[in-house]
Structure formats: structure tokens, C-alpha cells
Amino acid sequence: MYKNNADWFDSPLGQYLLQREQAYYDQAVADVFGFNAVQVGFARADLLANSRIPLRLHCAESGAGQVRANSMFLPFAAQSMDLVVLPHVLEFSDHPHKVLREAERVLMPEGRLILSGFNPRSLWGLARRWRGREGGYPWKGEFINLSRLKDWLALLGFEVAAGRMCCYRPPFNRTHWLRRFRFMEPAGDRWWAMGGGVYFVQAIKRVQGMRVITPRWKDALAPALAPAARNVVNLKHYRVPRDKSL
């Protein structure tokens, strides 16, 4: 068992995970435009490296981060971020729903949220059950079902725009075993797309527009003016009688 997260990411399985996730985030963030972006957690990788957004921040509770803060209390103004990246933050938080709520708060309307998490309905999820929470990282996390995550996002006003899975290989921590099962990566996308060890979700913050409803004054006044309109004399067709005495 590894003493800390850094040791696990230096292992063959950790390197395999980092390569797969970096490849997805490099492709995903390149299509998001704006002015401000923040990556929360996951200090081992710069997942905003391929982003075109000028201001890119890395927020973490500890380690090499530009901003030191708790993921439930981000030190950013409301509606100030165009992109928020949450890589494996929810499953290691005591209150994952609060983390999502905080991400929603700092995102601008139509802002993009990209997150990744470990899939409990996969070979990785089975490995977690077998090893238990005492197995260290990442098995000590609370893996969240994708359906449950989508319900949370919908309650917060997010619309899921895209998603994908990766890491279909069994979580062997030996290089030769990972190489032997590399055929499962392309086969997984085709044959068991929901069985990847890691899922990615892209969601857009939707804000319902407000329209002021005003009374239709013309329709309301028409019945009241109708009697008066009928009593108006058309002077064009009215002739004043002559006084015959003149």
C-alpha cells in the first residue's frame, strides 16, 4: 500500500490514469472560450495546459497550487469563471454536493463544468470493494454513480453536454499486465461503453431568462371605450338645418 497519493501516481497504474486523463482534458478544454478558468485539486497534472483562456488558476487545499482553498469555499466572486475543472474531487469530499454547488456559484451563465470521477460500476469499482477503504488511494474514495451525479447536476441547473469513459483495463499495478490488456481500451468504447474505470462529464450552466409580463392596456380599455365610441357623431355626414326666418 502506498503511503500517499504522490506515490500512487508514480506507480504504473497511476501513470496509466494520468496519461488517459491528460489526453481527454487537453481535447476538452481547447474548445472552451472565455477569460477565467480554474482547476480544483489534482495537483499532479496541469489539466488546463491546452486551454485558450488567458487566466488559468490552480486551486488546491495543499500542494503545488496557485490558490490555497477548500473546494467547498472557493475564493472567487459569483459568476466570475468561464470554466471550472473538477478532476476526482467529489469522491474524496465529505460533501460532494456542496462542491458542485460552489462550482455552480462561481460559474458564469453558459459557463462550462468538466469533471472526472471513478466509476463504481466497473472493474475499478470491483477492485475498490475487494480492497476496501484501507487500500489507500484511490480505493479510499467514495465512488459516485454516474446517474446520481447527473441528478445532482440537473438540480443545480446544469445541462449535460458531453461525456465519455476511459481506463477499461483492469487496475493491475504491473506494467506488463497493463500492456497485455491494452486491447480492452479500444474495445471498451465500442462494446461496453459504460464500463470504464473513469468517467468524464461536461455540463453547461443554464440560467432561465426572465420576461416582464405587462398588462395589455388596449384590450382592457376597449370594452370601456366602446359605448362612448358609439355615441360619437360623424360630423362629415351631419348637416346643420337652416333657419328659414333669415
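Residues numbered from 1 in each chain as written. Predicted model: local features only at pLDDT ≥ 70, side-chain atom pairs only at ≥ 80, totals over all residues. Heavy atoms only, no water.

Quick word on the overall build of the protein
No. 1: Secondary structure summary: the protein contains 8 helices and 7 strands in total.
No. 2: Restricting the contact set of the protein to residue pairs at least 6 apart, pairs at least 24 apart contribute 69%.
No. 3: When the accessible surface of the protein is totalled, it reaches about 15,200 Å², and 54% of it is carbon and sulfur. (Helix = DSSP H or I, 4+ residues; strand = E, 2+ residues; numbered from the N terminus. Contact = heavy atoms within 4.5 Å. Areas by Shrake-Rupley, 256 points an atom, 1.4 Å probe, with all protein chains shown as cover.)

Digging into unusual backbone geometry
No. 1: In the segment running from Y137 into P138, the intervening peptide bond is cis, with an omega of 0°.
No. 2: Despite not being glycine, Q79 shows a phi value in the positive range, around 55°.
No. 3: Note that Q79 resides in the loop between β3 (67-68) and β4 (81-87).
No. 4: Residue class for Q79 comes out partly exposed when judged on its relative accessible area of 46%.
No. 5: With a phi angle near 60°, C167 is a residue other than glycine that sits in the positive phi range.
No. 6: Residue classification places C167 among the buried residues on the basis of a relative accessible area of 1%. (Buried < 20%, exposed > 50% of the residue type's maximum accessible area, 1.4 Å probe, protein only.)

What to know about helix α5 (residues 146-155)
Owing to its 3.6 residues per turn, the α-helix aligns residues three or four sequence positions apart on the same side.
No. 1: Among the residues making up α5, those that are buried are L146, L149, W152 and L153. For α5, the angular spread of buried residues about the axis comes to 115°, placing them on one side. Every exposed residue of α5 that faces more than 90 degrees away from the buried side is listed here: D151, A154 and L155.
No. 2: Contacts made by the buried residues of α5 are with α3 (96-106), β5 (107-118), β6 (158-166) and β7 (198-205).
No. 3: A positive phi of about 90° marks G157, the residue just after α5. (Arc of directions from axis to C-beta.)

Here we look at the side chain of S51
No. 1: Position of S51 among the secondary structure elements: in the loop between β1 (36-40) and β2 (55-60).
No. 2: The class for S51 is buried, based on a relative accessible area of 7%.
No. 3: A distance of 3.2 Å separates a polar side-chain atom of S51 from the backbone nitrogen of I53.
No. 4: With residues up to four places along the chain from it excluded, the contact list for S51 reads V29 and R56. (Polar contact = N/O pair within 3.5 Å; in protein donor to acceptor, adjacent residues only side chain to side chain.)

Regarding the sheet that holds β5
No. 1: If you trace the 7 strands from one edge of the open sheet to the other, you get β3-β2-β1-β4-β5-β7-β6, paired in mixed fashion. Each edge of the open sheet is held by one strand with a lone partner, namely β3 and β6.
No. 2: With 7 bridges joining them, β5 and β7 adopt antiparallel strand pairing. Pairing of L115 across the sheet is with V201, part of β7.
No. 3: Along the sheet, α3 makes contact with β4, β5, β6 and β7, crossing β5 at roughly 150°.
No. 4: Lying on the sheet, α5 is in contact with β5, β6 and β7; it crosses β7 at an angle near 10°. (Pairing = 2+ DSSP bridges. Axes fitted to C-alpha atoms, helices over the stretch in contact; angles between N-to-C directions.)

Re the packing of α3 against α5
No. 1: Look at α3 against α5: their axes get within 10 Å of each other, and the N-to-C directions meet at 40°. Judged by the angle between their axes, α3 and α5 are oblique. In this structure, α3 crosses over α5, and the sense of that crossing is right-handed. Contacts between α3 and α5 involve P96, H97 and L100 on the former and, on the latter, L149, W152 and L153.
No. 2: Of the residues assigned to the contact of α3 with α5, the class counts are 5 nonpolar, 1 polar and no charged. (Parallel < 35°, antiparallel > 145°, perpendicular 65-115°, else oblique. Left-handed = near helix turned anticlockwise from the far one by under 90°. Nonpolar A, V, L, I, M, F, W, Y, C, P; charged D, E, K, R; others polar.)

Considering helix α2 (residues 12-29)
No. 1: In this model, α2 (18 residues) spans 26 Å end to end at C-alpha, consistent with the 26 Å of a helix rising 1.5 Å per residue.
No. 2: Taken together, the buried positions of α2 are L13, G14, Y16, L17, L18, E21, Y24, Y25, A28 and V29. (Expected span 1.5 Å × (residues − 1).)

Section: the pairing of β4
No. 1: Burial of β4 is extensive: 7 of the 7 residues sit out of reach of the surface.
No. 2: Sheet topology note: the β1/β4 ladder contains 3 bridges and is parallel. In the strand pairing of β4, V38 is matched with V84.
No. 3: The sheet contact formed by β4 and β5 spans 6 bridges and is parallel. Its bridge partner lying in β5, L83 is registered against R112.
No. 4: With respect to chirality, the unit in which β4 leads through α3 into the neighbouring parallel β5 is right-handed. (Right-handed = clockwise from strand over helix to strand, strands pointing away.)

On their own, these measurements won't tell you what the molecule is for.
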